[in-house]
Amino acid sequence: MDKLKIIDGCTNFHFVGIGGINMSALAEVLFREGYTVGGSDKSDSPAVDKLRGLGLNVAIGHCADNLSKAAEVLVYNAAVPTDNPEVAEARNRGLKLLDRAQLLGLLMQNYKYPICVAGTHGKTTTTSMLAEIFTAADADPTVMSGGILPSMGGAMRLGGRKFFIAEACEYHDSFLHFSPYVGIILNLEMDHGDYFGGEAGLRASFRNFAKRIPAHGLLIINNEIAGLDEIVGGLDCEIITFGEGGDIFASNAEFGVDGRSVCQIEGVGQLSLGVPGAHNISNALSAIAVARHFGLPFVKAAQALSGFTGALRRFQHKGQFNGAIIIDDYAHHPTEVSATIQAARNMAHNRLWIIFQPHTHERTAKFLYDFANALHAADNVIITDIYRPAGREQEQASVHAKDLVAKIGSNCHYAPNFQWAADFVRNNLVKGDICITMGAGDITRIGDMILLDSCNFV
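Since we're looking at a predicted model, the values are computed, not measured.

What counts as what
- Residues numbered from 1 in each chain as written.
- Predicted model: local features only at pLDDT ≥ 70, side-chain atom pairs only at ≥ 80, totals over all residues.
- Heavy atoms only, no water.
- Pairing = 2+ DSSP bridges.
- Helix = DSSP H or I, 4+ residues; strand = E, 2+ residues; numbered from the N terminus.
- Axes fitted to C-alpha atoms, helices over the stretch in contact; angles between N-to-C directions.
- Contact = heavy atoms within 4.5 Å.
- Core = buried A, V, L, I, M, F, W, Y, C linked by side-chain atoms within 4.5 Å.
- Buried < 20%, exposed > 50% of the residue type's maximum accessible area, 1.4 Å probe, protein only.
- Phe/Tyr/Trp six-rings, centres within 6.5 Å; stacked < 30°, edge-to-face > 60°.

**Q** Break down the sheet that holds strand β16 (residues 316-321) for me, citing the residues and quoting the values.
**A** Pairing between the strands of a sheet comes from backbone hydrogen bonds, and it takes one of two forms, parallel or antiparallel. Strand order in the open sheet formed by 6 strands is β16-β17-β21-β18-β19-β20, and the pairing between neighbours is mixed. Since the sheet does not close on itself, it has two edges, and those belong to β16 and β20 (412-414), each with one partner. Strand-to-strand twist across the sheet, computed as the mean angle between neighbouring axes with direction ignored, equals 20 degrees. The sheet contact formed by strand β18 (residues 352-356) and strand β19 (residues 380-383) spans 4 bridges and is parallel. What sits directly across from Phe356, in β19, is Ile383. Set on the sheet, helix α14 (residues 401-408) makes contact with β18, β19 and β20; between it and β20 the angle comes to about 165 degrees.

Rendered as structure tokens:
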């Protein structure tokens, strides 16, 4: 098989921030396809260890000398500051610079059917569902996910050149660099106000994503999106809607105390999901619509989804402490928080504990009341300090985690640090409780701290 075509004449790539989930996956794909790949990151990590194990040269720390003399292309992402010394050196040498999304867009052009999963919520889970379905049906997909899928052993799967399944993130209009044959829009809700400014800007971005689908391609979109025609009106491609009132929809949904979700997909068959919640039934509908379009047997899709337990950090069961279940979840938007709490409430439990790490000051300020309303549904809530991801250092919103604590009320506590949160929970959890660490930052460490002296890791 011919080498993947990225940039004519360029065979040597340097990644700044190579240890990130998306960056490490892209680096691995290029390396396995015969390119020379190296890079740097601010610290060691399992992803860096894996890349080194494959034979890649990865430096820790950023300096101009990390850029090899033979490097031709520098790849970076939004977390890399503009004054990064390696980026500056690449500019001085006249190298080609590619944003992560630009590289991903160039990569998918090598595949016959790029399948791009967009939406405010559920992208990683739906991408993972599609990976499981297509793999179970022997379709040999190449997959680029935003989360770790245990069955793939990471965030990517290198398969054939027919199907390319990838998350399509709207932030900074990243997905407008992509060329989907199939585009999925799971939902559309205001987020990333620091970039889009308001809902009009967000909706325009999703409309432009849908317009990138060719006339012979397919858009699969949630029928429950408000003002749907504003997104799909006048498109040349085929359109399939899913959800209530859509072309493919579920009925008779039941949510078991064991965390499974069962429903009937009208005209298709019964589906039993290994993950909880109505939101995951919705995600599964979109994945099944894709599988049907390509003629993959429903029995294969149903088998794959029955055994699907989610990507890491998506309602991930981490273990038990004192008879209580410890779960980790990536929810960081009020709608996601509500969906995760409702899914947990459907399970057999005594009390529901949430340890929540707000993600970005801008999002916390904008949705302060929405977060409070969503989290109030838990029995006990602990709020940690707000997480500020790399690349968001200039956020202007003036808000503190204690503001959220005050809005939630008496069942809520402020945790001045992670150790305080872990100790408080360990001293209060009893048999039958469910405790969820929740957020898109490094909150997952608290679950490990709770379980540190326990023999009940999953």
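Resuming the write-up.
**Q** Would you mind going over the nonpolar core in detail, with residue names and values included?
**A** Within the largest apolar cluster, 55 residues are counted, with the highest numbers of intra-cluster contacts made by Phe13, Phe15, Leu103, Met144 and Leu219. Per-element accounting of this core gives the leading share, 6 residues, to helix α1 (residues 21-32). Apart from residues lying up to four places away in sequence, Met144 is in contact with Asn22, Ala25, Leu26, Val29, Leu104, Thr127, Ala155, Met156, Phe164, Ile165, Ala166 and Glu167. Judged by nonpolar contacts, the second largest core, of 45 residues, contains Val117, Val182, Leu285 and Ala287.

**Q** So what's going on with the packing of aromatic side chains? Residues and values would help.
**A** Here the structure, examined in full by the defined rule, presents 15 aromatic pairs. Between Phe134 and Phe163, the ring centres sit 5.0 Å apart and the planes meet at 75 degrees, which makes this aromatic pair edge-to-face. Of this pair, Phe134 sits in helix α5 (residues 123-136) while Phe163 is found in strand β9 (residues 163-167), placing the two residues 29 residues apart along the sequence. Each member of the pair, Phe134 as well as Phe163, carries the same accessibility label: buried. An angle of 40 degrees between the planes, with centres 6.1 Å apart, marks the rings of Tyr181 and Phe294 as tilted. Here Tyr181 is found in the loop between β9 and β10 (182-185), whereas its partner Phe294 is found in the loop between α9 (278-293) and α10 (298-306), with 113 residues between them in sequence.

**Q** I'd like a description of unusual backbone geometry, backed by residues and values.
**A** Positive phi outside glycine occurs at Asp140, with the angle close to 50 degrees. On the secondary structure map, Asp140 appears in the loop between α5 and β7 (142-149). One non-glycine residue, Phe315, adopts positive backbone phi at about 50 degrees. In this fold, Phe315 is placed in the loop between α10 and β16. By relative accessible area, Phe315 is classed as buried at 9%.

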